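Listed here are the chains, written in short residue letters.
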Amino acid sequence: MHEMGIANSVLQAVRTEMGLHPGTYPCKVGVRIGEMAAVDPEALRFCFEAIILGTDLESLALGIEVCLRRHRCQLCGREFIVRDYDSRCPQCASLETTCISGDELELAYLEVEEYGPSAVGTKSTQ
Ligand SMILES: [Zn+2]
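Residues numbered from 1 in each chain as written. Predicted model: local features only at pLDDT ≥ 70, side-chain atom pairs only at ≥ 80, totals over all residues.

A. Summary view of the sheet that holds strand E4 (residues 79-81). Judged by pairing direction, the sheet is antiparallel, and its three strands sit side by side in the order E4-E3-E5 without closing on themselves. Both outer strands of the open sheet, E4 and strand E5 (97-101), are each paired with one neighbouring strand and no more. Across the sheet, the mean angle from the axis of one strand to that of its neighbour is 35°, orientation sign disregarded. Sheet analysis places strand E3 (residues 70-73) next to E4, joined by three bridges and oriented antiparallel. (Pairing = 2+ DSSP bridges. Helix = DSSP H or I, 4+ residues; strand = E, 2+ residues; numbered from the N terminus. Axes fitted to C-alpha atoms, helices over the stretch in contact; angles between N-to-C directions.)

Take a look at the structure:
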């Protein structure tokens, strides 16, 4: 199950961000997954929750955004969402279309909260 590896890299990216912004606490991380990236969002969520359990990031929420496969027609320039693997242009019926999105696998956003003045120093980063 490669979702575990993905969950680990998401967490790694969050920790890198935390290192760059001391004094903040991440509350939600969002990932963008293209439908062709062959990632099961539910499996990813399961793995993510399993690896943060019992750590200082236990309360971190995961937001998953699934991107549909999009093609652009080389003849008329129309952009459209591909359904049922039919990549024909809906406008001019050309088969010469190129994939422009749908295989994303990236960090979309990270929501952080600043520690209140009273909370500074009370949280361990260990
Ligand atoms: Zn077209």
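B. Highlighting the sheet that holds strand E1 (residues 24-34). With respect to topology, three strands assemble into an open sheet ordered E2-E1-E6, the strand pairing being mixed. Every interior strand has two partners, whereas the edge strands, strand E2 (61-67) and strand E6 (105-114), have only one. Geometrically, the sheet is characterised by an average inter-axis angle of 20° between neighbouring strands, direction not taken into account. Sheet topology note: the E1/E6 ladder contains nine bridges and is antiparallel. Paired with Val29 across the two strands is Leu110, which belongs to E6.

C. Looking closely at helix H2 (residues 41-52). Counted at 1.5 Å a residue, the expected span for H2 with its 12 residues is 16 Å, and the 17 Å between its end C-alpha atoms agrees. Those residues of H2 that fall on the buried side of the exposure criterion are Leu44, Cys47 and Phe48. All buried residues of H2 project into a common sector of 100° when viewed along the axis, lining one side. Of the residues in H2, the exposed ones pointing more than 90 degrees away from the buried face are Glu42 and Ala50. Of the surrounding elements, those touching the buried residues of H2 are helix H1 (3-20) and E2. Of the residues trailing H2, Gly54 is marked for its positive phi of about 85°. (Expected span 1.5 Å × (residues − 1). Buried ≥ 20, exposed ≤ 12 C-beta atoms within 10 Å, placed from the backbone. Arc of directions from axis to C-beta. Contact = placed C-beta atoms within 7 Å.)

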